[in-house]
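Given next are the chains, with one letter for each unit.
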Amino acid sequence: MIMIELSNFKFNDSIGKLADFLVRLYYTEDININFKNYISIVLTHEEIANRIGLNRTTVTNVLKSFKDRDLIEVKDRKLIIKDIQGLKKLTNIPLEE
């Protein structure tokens, strides 16, 4: 896990870092409500930024672009991952066939 995080910081830009963070959260969740994949941990943009080494404004802008691309949705302060493969494409995570 540490090696994955190190490669995330080394080889991903801000979009890739945030996408990677969301993908990792997605795979640690085992909650599936109405066939939508909620991230049950509620984090502020500032908390996300601190965890992945970005500033809050960048996190806000990138999350907005993810919403515009229909990759995520925010409902009741919870993130819903709508397109996990689309997020993976933005990172250095190998895609599954």
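Residues numbered from 1 in each chain as written. Predicted model: local features only at pLDDT ≥ 70, side-chain atom pairs only at ≥ 80, totals over all residues. Heavy atoms only, no water.

A. Main features of the sheet that holds strand β3 (residues 78–81). If you walk across this open sheet you meet the 3 strands as β1-β3-β2, and the pairing is antiparallel. Whereas interior strands pair on both sides, the edge strands pair on one side only; in this sheet they are β1 (37–39) and β2 (72–75). Shown here is a sheet whose adjacent strand axes are inclined to one another by a mean of 30°, direction ignored. The pairing of β1 with β3 spans 3 bridges and is antiparallel. Pairing of Y38 across the sheet is with I80, part of β3. (Pairing = 2+ DSSP bridges. Helix = DSSP H or I, 4+ residues; strand = E, 2+ residues; numbered from the N terminus. Axes fitted to C-alpha atoms, helices over the stretch in contact; angles between N-to-C directions.)

B. Quick peek at the packing of aromatic side chains. The full count for this structure, using the stated rule, is 1 aromatic pair. Ring centres of Y26 and Y27 lie 4.9 Å apart, and the angle between their planes is 85°; on these two criteria the pair is classed as edge-to-face. For Y27, a relative accessible area of 46% translates into the label partly exposed. (Phe/Tyr/Trp six-rings, centres within 6.5 Å; stacked < 30°, edge-to-face > 60°. Buried < 20%, exposed > 50% of the residue type's maximum accessible area, 1.4 Å probe, protein only.)

C. Summary view of the pattern of salt bridges. As enumerated under the stated definition, the model contains 4 salt bridges in all. Here D68 makes a salt bridge to K64, at a shortest N to O gap of 3.0 Å. You can see D68 and its partner K64 sitting in helix α4 (residues 56–68), 4 residues apart, about one turn around the helix. A relative accessible area of 57% means that D68 is categorised as exposed. Across the pair K82 and E73 runs a salt bridge whose closest N-O atoms are separated by 3.8 Å. A single salt-bridge network, built from bridges that share partners, covers D70, E73 and K82. (Salt bridge = Lys/Arg side-chain N within 4 Å of Asp/Glu carboxyl O.)

D. The arrangement of the nonpolar core in detail. In this structure, L18, F21, L22, F66, I72, I81 and L87 are the most contacted members of the largest nonpolar core, which totals 23 residues. For this core, the leading source of residues is helix α2 (residues 14–28), giving 7 residues. For I81, the contacting residues outside a window of four places in its chain are L22, Y26, N37, I39, L71, I72 and L87. (Core = buried A, V, L, I, M, F, W, Y, C linked by side-chain atoms within 4.5 Å. Contact = heavy atoms within 4.5 Å.)

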